[in-house]
Each structure stands twice: as structure tokens, then as C-alpha cells.
Amino acid sequence: MNHSTEIILTIAGIVLVHGLIFYFLTRKSRLIKGKHVVVTGGSSGIGLWAAIECVRLGAHVTIIARNVSLLEKAKEELEKRRVRDTQLIQFRSLDLSKSYDAVKSTLDELERTVGSIYMLVNCAGMAICGTVEDTSIEDARKLMDVNYFATYYPTRHVLPKMKEAGDGIIVITASQAALMGIYGYGAYAASKFALRGLAETIAMEAKHRGVSVTLALPADTDTPGFENENRSKPEETKIISGSGGLAKPEDVGRRIVQDALKGSFFSIMGLESWVLSILCVGMAPWRGPLLCFVQFYLLGPLRLIGLVLQWNFQRIIKNCAKQRQRN
């Protein structure tokens, strides 16, 4: 390599680095002050804390869930966090998985009374654990209804309106189980994989119309839903999923909203989630040159780490099987 070539490569490298720095320093978050945000599953856990973050940022917030008493308590909590007296804080009790017509009717009424929905944060969901053959048909269907259709119905309603307005944000809360199948999460993972497919499709269909979508991939989080989930977890699932620790719902909810306002496709938190999102990136949408550069160079080495993890999971499963045989 001659001297002139080295100079050209050096200059190109400097320009690239400064360009990346400029990109991340100038990338701005969208503002939701004075805009209408709807949070499903907003009565507790991640949904409640996502709603709290939206209230902190000055939005009019409507939370939707089924349990009226929890909704009333959540509304009181949100009202304490108001930054402006004119902020509207309200709730609606609704089974989002019941029917599209019921969801449409409720959201239409909200838009007439509060205003068009600028941001939809889908946090409604549940988990039932068990091997595929031990999960009842009724539970498998329930998981698809609550996790997929309770997100699909409100998203289906607001999407054309956001496209017409040329602006809007949709958050779809899935799970790390949307990236890989895990022992004991068969029916649950299937419903979460469906959400990833929905999010990637919307990202392709709606980006040119000004609508962004964020796929939240929280790890195990300390919520009431997680407590219920643990009651049905096989021992293998507890060991495999327990290695990542337990996140705080306030941290996850805040992170999801902030990532959505920045236009990030994946919303992740923690090293484990970051590694898994790169390893399973597949055909996920473009979200900046630096991230794509990192994905390109780390995908190969991380595949080796993934194989080691899979080997470890199989070792855990075999050990648990041997322990049951002894007992």
C-alpha cells in the first residue's frame, strides 16, 4: 500500500467516525407534550410505568386494562405525576382481546373526546408456562388472544389514521421470547414471535408515511404478571431464564418510551438483551450506520457464543430430566 492510499484511507476513516458522532449527537427525540398517548395494559407493571413516563413528558394519557380497581389506583398515581394542570389523565376498562369492534368503538370515543391518538403503547399481555404437550389448547388460544390480538386490534385501528396524518408512534411490547424459543415457553413464545412479525411488517409498510414502530424486548421484569408466570414454570425454565436477573418495571417502562421517541426499532435493556438482539437481528429494519456496523462485525463471534449457550441449555434440560428420574 503506497503513501497516498494510506492518507486517503485515514481521511476516510476520520470522516466516517465524525459522521457517526454527528449522527448520534444530532438525532432528536420526538415530543409528545400536549399529544394523546394511549397505553394498553397500563394499570400495572411495565404499562403503568410507561404511562408515568408519558405523563412526565407532558402528554395526555389514557390507560386501558380490564380491572377497574387497578385502573383507578393507576389513574391516581398518574395524576400525582402531572407537569401541567391541563393534562388529561383517564382510563377505560376494556377486554382488548374480545373483539375488534369493541376496541374500535372505545378508541373512536377517546379520539372524539381527547383528540387523535399520536402514540399507542401496547403493553397488554400475559404468560403461561409449560412444555408444548403440557399446555392446554385453551391456554394456548388464550395466550394468542391476549398477547397477539389484544395488540393487533388497537394497532389495526390507529395505523391508517397515523398514516393519513403522516405522523405517529406505535410500540409493540413483546419479550426476549420473541427472538428465540425457550424450554417451557412454547405457546407464549409463539404469540410473541407473532408480535415481532407484526412489528417488522408495520415498519416496512408505514415508515414512508411517517409512522415509526418500536418492538420492546424486555427480559424478566418484577411485575405482578411475572409472579403469576413463575407458578407454572418448569424447573428447566426457571434455571434458563433466571440467569439474566430481574429488571425493575420503572426502568423498563421509561426505556421503552424513550427508545420509541428516538425511533429505535428494538427497545432493549441490559447486556443480555443487547447481545440477543444482535444475534437474532435477521431482517430487522435499518436503524443507523453505527448499529449496523456493530451488527456486521459481531454477528459471527456472537453465533459461537449462542452455540455455547444452546449447549448449556441442553445440559440443564438433561440434568433436570435425570433428577426427576431419581425422584
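Residues numbered from 1 in each chain as written. Predicted model: local features only at pLDDT ≥ 70, side-chain atom pairs only at ≥ 80, totals over all residues. Heavy atoms only, no water.

(A) View of the pairing of strand S1 (residues 36-40). Of all the five residues making up S1, five are buried; the element is thus mostly covered by neighbouring parts of the structure. Relative to strand S2 (residues 60-65), S1 runs parallel, the two being bridged by five bridges. Residue pairing in the sheet places valine 37 in a bridge with valine 61 of S2. As defined by bridge partners, S1 adjoins strand S4 (residues 117-122) across five bridges and the pair is classed as parallel. In the strand pairing of S4, histidine 36 is matched with isoleucine 117. (Buried < 20%, exposed > 50% of the residue type's maximum accessible area, 1.4 Å probe, protein only. Helix = DSSP H or I, 4+ residues; strand = E, 2+ residues; numbered from the N terminus. Pairing = 2+ DSSP bridges.)

(B) Just the side chain of serine 175, in detail. Among the structural elements, serine 175 can be located in the loop between strand S5 (168-173) and helix H6 (186-206). Reaching out from serine 175, the side chain makes a polar contact with the backbone nitrogen of alanine 177 at a distance of 3.0 Å. The residues touching serine 175, leaving out its near neighbours within four places in the chain, are Tyr188, Lys192, Ala216, Leu217 and Pro218. (Polar contact = N/O pair within 3.5 Å; in protein donor to acceptor, adjacent residues only side chain to side chain. Contact = heavy atoms within 4.5 Å.)

(C) View of the pattern of salt bridges. Applying the stated criterion to the full structure yields 14 salt bridges. Lysine 80 serves as the salt-bridge partner of glutamate 77, at 3.9 Å between the closest nitrogen and oxygen. Taken as a pair, glutamate 77 and lysine 80 lie in helix H3 (residues 68-80) at a separation of three residues, close to a single helical turn. A salt bridge links aspartate 108 to lysine 161; the shortest N-O distance between them is 3.1 Å. Of this pair, aspartate 108 sits in helix H4 (residues 100-113) while lysine 161 sits in helix H5 (residues 137-165), placing them 53 residues apart in sequence. Each of Lys104, Asp108, Glu111 and Lys161 takes part in one network of salt bridges that share partners. (Salt bridge = Lys/Arg side-chain N within 4 Å of Asp/Glu carboxyl O.)

(D) Geometry of the nonpolar core. Ranked by size, the top nonpolar core spans 54 residues in total, and within it Ile170, Ile172, Val213, Leu215, Leu217, Phe265 and Phe266 carry the most contacts. Every element with two or more residues in this core is listed here: H4, S4, H5, S5, H6, strand S6 (211-216) and helix H11 (289-326). No other element matches H6, which puts nine residues into this core. Not counting the four nearest positions on each side in its chain, leucine 217 is found in contact with Ala174, Ser175, Gln176, Ala178, Leu179, Phe266, Ser267, Ile268 and Ser273. Formed by 31 residues, the second largest nonpolar core is a distinct cluster that contains Ile63, Ile169, Ala216 and Val257. (Core = buried A, V, L, I, M, F, W, Y, C linked by side-chain atoms within 4.5 Å.)

(E) Just H11, in detail. In a regular helix each residue adds 1.5 Å, so 38 residues correspond to 56 Å; H11 covers 54 Å between its end C-alpha atoms and thus fits that length. In the core, the buried residues of H11 are packed alongside helix H8 (235-241) and helix H10 (271-279). (Expected span 1.5 Å × (residues − 1).)

(F) Summary view of the pairing of S5. Across the six residues of S5, six count as buried, placing the element largely inside the fold. In this structure, S4 lies alongside S5, joined through four bridges in parallel fashion. The residue bridging valine 121 from the neighbouring strand is valine 171, located in S5. For the crossover that starts at S4, traverses H5 and ends in the parallel S5, the hand is right-handed. Strand direction decides the pairing type here: S5 and S6, joined by six bridges, are parallel. Considered in S6, the bridge of isoleucine 169 is made with serine 212. As for the winding sense of the linkage, the β-α-β connection from S5 through H6 to S6 is right-handed. (Right-handed = clockwise from strand over helix to strand, strands pointing away.)

(G) Layout of the environment of asparagine 228. With respect to the helices and strands, the residue asparagine 228 is situated in helix H7 (residues 224-231). A relative accessible area of 45% places asparagine 228 in the partly exposed class. Taking C-alpha positions, asparagine 228 is 8.2 Å from isoleucine 128, a pair spaced 100 residues apart along the chain.

(H) Region of interest: H3. For H3, built from 13 residues, the straight-helix expectation of 18 Å at 1.5 Å per residue is met to within 8% by its first-to-last C-alpha distance of 19 Å. For H3, the set of buried residues is Leu71, Ala74 and Leu78. All buried residues of H3 lie within an arc of 65° about the axis, which places them on one face of the element. Within H3, the exposed residues directed more than 90 degrees away from the buried face are Lys73 and Lys80. (Arc of directions from axis to C-beta.)

(I) Spotlight on the UniProt feature "transmembrane region" (unreviewed entry) in the protein chain. UniProt's entry tags residues 6-25, 264-284 and 296-313 with the feature "transmembrane region" (unreviewed entry), counted in the numbering of this structure. Each end of residues 264-284 is marked by a C-alpha atom, and these two atoms are 11 Å apart; helix forms 43% of the span and strand 10%. Structurally, residues 296-313 is divided into 100% helix and 0% strand, and its ends, taken at the C-alpha atoms, are 26 Å apart. (UniProt positions renumbered as here; feature names shortened; annotations may be inferred.)

(J) Expanded view of the packing of H5 against H6. Packing of H5 against H6 leaves a shortest axis separation of 8 Å and a crossing angle of 10°. Taken together, H5 and H6 sit at an angle that is classed as roughly parallel. Of the residues in H6, those touching H5 at Ala140, Leu143, Met144, Asn147, Tyr148, Thr151, Tyr152, Thr155, Leu159 and Lys163 are Ala187, Tyr188, Ala190, Ser191, Lys192, Ala194, Leu195, Leu198, Ile202, Glu205 and Ala206. (Axes fitted to C-alpha atoms, helices over the stretch in contact; angles between N-to-C directions. Parallel < 35°, antiparallel > 145°, perpendicular 65-115°, else oblique.)

(K) Representation of the environment of aspartate 108 within the structure. Classification of aspartate 108 by relative accessible area gives buried; the value is 17%. Leave out the neighbours within four places in its chain, and aspartate 108 touches His157 and Lys161. Polar side-chain contacts of aspartate 108 include one of 3.2 Å to the side chain of histidine 157.

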